[in-house]
Amino acid sequence: QVHLVESGGGLVQAGGSLRLSCAASGRTFSSRAMGWFRQAPGKEREFVAAINWTGGRTVYADSAKGRFTISRDNAKNTLYLQMNSLKPEDTAVYYCAARDVSYASTSSYDYWGQGTQVTVSS
């Protein structure tokens, strides 16, 4: 079992930045791939970014590429999402996820956090 808690969401103007954090607890955090997803009202959950167990390989959704950066600090059991050049369409609840495999993936995650709200105003 893995417990995930997101933080760092808030209200920001278009063009601004936020850094989301995900604190993980449980066994073998370092061997798990991690990801960020988001869900806007009335829409289904969508993939944002993922990172493999070492942090050496990442994958991004087209909407995030060039603006968002996913990273992890295994010593601190923490996952991050740095979000720059935010747009109103980035408004959503952002969820941290963990996978029982070490490879980064856009789907097939096993554990989820409670989510943190990101609101981008224009």
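Residues numbered from 1 in each chain as written. Predicted model: local features only at pLDDT ≥ 70, side-chain atom pairs only at ≥ 80, totals over all residues. Heavy atoms only, no water.

Chemist: An account of the nonpolar core is needed here, citing residue identities and associated values.
Modeler: Judged by nonpolar contacts, the single largest core of 28 residues is most densely connected at Leu 4, Met 34, Trp 36, Leu 81, Met 83 and Tyr 94. Within the residue set of this core, elements represented by two or more residues are strand E1 (2-7), strand E3 (18-26), strand E4 (34-39), strand E5 (46-51), strand E7 (68-73), strand E8 (78-83), strand E9 (92-98) and strand E11 (116-121). Among the nonpolar cores identified, the runner-up in size contains 6 residues, and Phe 37, Ala 61, Ala 97 and Tyr 109 belong to it. (Core = buried A, V, L, I, M, F, W, Y, C linked by side-chain atoms within 4.5 Å. Buried < 20%, exposed > 50% of the residue type's maximum accessible area, 1.4 Å probe, protein only. Helix = DSSP H or I, 4+ residues; strand = E, 2+ residues; numbered from the N terminus.)

Chemist: Please provide a residue-by-residue account of the state of the cysteines, values included.
Modeler: In this structure the tally under the stated criterion is 1 disulfide. The disulfide partner of Cys 22 is Cys 96, and the S-S distance across this bridge is 2.0 Å. Every disulfide takes its handedness from the sign of the S-S torsion; for Cys 22 and Cys 96 that torsion is -75°, giving left-handed. Of this pair, Cys 22 sits in strand E3 while Cys 96 sits in strand E9, and the two are 74 residues apart along the sequence. For the pair Cys 22 and Cys 96, a shared accessibility class is recorded, and that class is buried. (Disulfide = S-S within 2.5 Å.)

Chemist: Which residues make up the pairing of E1, and what values go with them?
Modeler: Where burial is concerned, the two faces of E1 differ: the one with Val 2, Leu 4 and Glu 6 is buried and the one with His 3, Val 5 and Ser 7 is not. As paired elements, E1 and E3 share 6 bridges and run antiparallel to each other. In the sheet register, Val 2 faces E3, and the bridge partner there is Gly 26. (Pairing = 2+ DSSP bridges.)

Chemist: Before we move on, can you summarise the side chain of Arg 32 with the specific residues and values?
Modeler: Residue position: Arg 32 is located in the loop between E3 and E4. Since its relative accessible area comes to 9%, Arg 32 is described here as buried. Once residues lying within four places of it in the same chain are set aside, the contact partners of Arg 32 are Val 2, Arg 27, Trp 53, Arg 72, Arg 99, Asp 100, Val 101, Ser 102 and Tyr 111. (Contact = heavy atoms within 4.5 Å.)

Chemist: Tell me about the packing of aromatic side chains, and name the residues and values.
Modeler: Applying the stated criterion across every chain, the model contains 4 aromatic pairs. Members of the aromatic cluster, joined through ring pairs, are Phe 37, Phe 47, Tyr 109 and Trp 112. When the ring centre of Phe 37 is taken as origin, the NZ or CZ atom of Arg 45, which lies over that ring, is 6.0 Å away. The lysine or arginine in question, Arg 45, covers the ring of Trp 112, its NZ or CZ lying 3.8 Å from the ring centre. (Phe/Tyr/Trp six-rings, centres within 6.5 Å; stacked < 30°, edge-to-face > 60°. Lys NZ or Arg CZ within 6 Å of the ring centre and 35° of its normal.)

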